[in-house]
Amino acid sequence: MQLTDRIKRIQISPTAAVIAEADRLKSQGVDIADFGPGEPDFPTPDHIKKAAIRAIEANKSKYTPTGGIMPLREAICAWHKRELGSNYAAKECIVSVGGKHGIFNVVSVLVQAGDEVIIPAPYWVSFPDIVKYAGATPVYVQTRPEDGFSVKAAAIEKAITPKTKLLILNSPSNPSGGVVPPDEYERILAICKKHNVWLMGDECYSHFTYEPHKPFSIASAADSKNNVIVIGSMSKTFAMTGWRIGYVLGSADLIQALTKLQSQSTSNPTSIAQYAALEAMTGSMDSVPQMLAEYAKRRRRIVDGLRAIPGVTCVEPGGAFYAFPNVSAHLAGGSSGHAIAKDSSELAKLLLDRARVALVGGEGFGAPGYLRLSYATSIERIDEGLRRLERFFSRVEAAA
Ligand code: PLP
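Calculation rules
Sequence order as written defines the numbering, with residues in each chain counted from 1. The predicted nature of this model means local features are confined to residues of pLDDT at least 70 and side-chain atom pairs, given and counted, to a pLDDT of 80 or more, with totals for whole chains, interfaces and linings taken over all residues. With hydrogens and water set aside, each side-chain value is computed from the structure's full complement of heavy atoms. What makes a residue near a molecule or strand is one non-hydrogen atom of that residue sitting within 4 Å of it. Counting of polar contacts relies on pairs of N or O atoms within 3.5 Å, with two restrictions inside protein: one atom must be capable of donating a hydrogen and the other of accepting it, and residues adjacent in sequence are counted only when both atoms are side-chain atoms. For the accessible areas, the method is Shrake-Rupley and the probe is 1.4 Å, while residue cover comes only from the protein chains on display. Comment: elements are numbered from the N terminus, with helices defined as DSSP H or I runs of at least four residues and strands as E runs of at least two. For this classification, Asp, Glu, Lys and Arg are treated as charged, while Ala, Val, Leu, Ile, Met, Phe, Trp, Tyr, Cys and Pro are nonpolar and the rest, including Gly, are polar. For every domain, the bounds stem from an assignment made automatically or drawn from a database. Contacts are residue-level and defined by heavy atoms, with any inter-residue pair within 4.5 Å sufficient. Buried area is calculated as the accessible area (1.4 Å probe) missing from two parts once they are joined, with the contributions of both summed. Each reported salt bridge corresponds to a side-chain nitrogen of Lys or Arg within 4 Å of a carboxyl oxygen of Asp or Glu. When DSSP locates at least two bridges between a pair of strands, those strands are taken to pair. For helices, the fitted axis covers only the stretch in contact; all axes are lines through C-alpha atoms, and the angles between them, taken along N-to-C directions, range from 0 to 180 degrees.

### Topic: the site of the ligand
So, step 1. Lining the immediate environment of the ligand, one finds 14 residues, of which Gly99, Asp202, Ser233, Ser235 and Lys236 sit closest.
So, step 2. For the ligand, an oxygen atom lies 2.9 Å from a polar atom in the backbone of Lys100.
So, step 3. For the ligand, whose accessible area on its own is 390 Å², the fraction buried by protein is 92%.
So, step 4. The biggest single contributor to the shell around the ligand is helix α5 (residues 99-110), with 3 residues.
So, step 5. Residues belonging to the shell around the ligand are distributed by class as follows: 4 nonpolar, 6 polar and 4 charged.

Following this line, the structure appears as structure tokens:
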């Protein structure tokens, strides 16, 4: 089949591939300890579900304005101001079909062939491919485990060239859990301003930060509007991955361009899901600290469990719900001296085949030598998965 050059520039998401294989095995009755999917295991809170049911019953099932219903855009701005200290008006907000759609559209309207986009690594798998699809070139800035995978302003400045148009900053980070502290984030904003570079803050995990970190948006910084673009999502904060509602906050000109693109592609996000999101933005947020407390317990258990495995090191994630251990000691050229696999993707495959543990190799995140484990799963399943991992690594050790 003759496909376009642009579709050939990207690949299917490596996380999706692992999840599909784990699901295939599960459908055959295989018991998998599943650390694959990056989505909350909690149900959407009842009051949000009920708002959607009410919307269906009230026949809120017509097209809506392309950029989302006005009450939702107003509510997102009010929520973001209250929770994260920004100051946007409805004309500076568009509702998208999830955060990923918002990112895709922002990149589409801001960059093209010849432009460079800075992405700190490890990165969320979709960032580079979205940039490549737009014809631009991703430029990676390596973060360090000893810094908790938190990117430094100085490293960003070094990577800037006359071609740099955009920096994509995801804090807390998927996959590393790295959090950029407010003072460093403000230094990064100052550098972006100096070099006239857009700063897109992906805040999908903003409310899942662990002490001493707090939810933070760079949009709270004074005079940030001309450079900052905020990507937000209902998916993680309100356990609403399947509803597909996210948003973009930015200058009115940018929002107009995004509205034009949406008007010729997706049109409005699902009307009923918008009413559910309106309830999320205006109703009780009690479920959020409850989920965070549960994630905090799971984080403790999984990080301690991983660190107890010989040859495995694991940085304390500051936010999100992923553990990101380094297993390079067990890979080709590693310090254990008896490699289990050539790289972490091969190791992930072995773990699924032999230990029945689903997780994702670091290569897709720009982090060879690492594995990503989502701990959005119960403590019981985490314990079971850790037992399997310990057994797998100790058997391999014993056989060596
Ligand atoms: N950004 C990051 C860093 C993510 O991990 C995800 C989802 O996994 C998204 C954005 C997109 O989420 P959604 O499109 O469900 O809002």
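The rest of the description comes next.
### Some words on the domain arrangement of the protein
So, step 1. Under the domain assignment, the protein is made up of domain 1 (5-43 + 287-399) and domain 2 (46-282).
So, step 2. Each of domain 1 and domain 2 has a C-alpha centre, and these two points are 26 Å apart.
So, step 3. Contacts between the two partners involve 34 residues from domain 1 and, on the opposite side, 33 residues from domain 2.
So, step 4. When the two sides are added together, the surface that domain 1 and domain 2 hide from each other amounts to roughly 2800 Å², 64% of it contributed by carbon and sulfur.
So, step 5. Applying the counting criterion to the domain 1 and domain 2 interface returns 0 salt bridges.

### Looking at the sheet that holds strand β3 (residues 116-121)
So, step 1. With mixed pairing, 7 strands are arranged side by side in an open sheet as β2-β8-β7-β6-β5-β3-β4. Two strands lie at the open edges of the sheet, namely β2 (93-96) and β4 (137-142), each paired on one side alone. Strand-to-strand twist of the sheet, defined as the mean angle between neighbouring strand axes without regard to direction, takes the value 20 degrees.
So, step 2. Of the strand pairs in this sheet, strand β7 (residues 228-233) and strand β8 (residues 246-249) are connected by 4 bridges, and their pairing is antiparallel. Within β8, the residue paired with Val230 across the bridge is Leu249.
So, step 3. In the packing of helix α6 (residues 126-133) onto the sheet, contacts are made with β3, β4, β5 (164-170) and β6 (198-202), and the angle to β4 comes to roughly 150 degrees.
So, step 4. Helix-sheet contacts for helix α9 (residues 252-263) involve β2, β7 and β8, and the interaxial angle to β2 is about 30 degrees.

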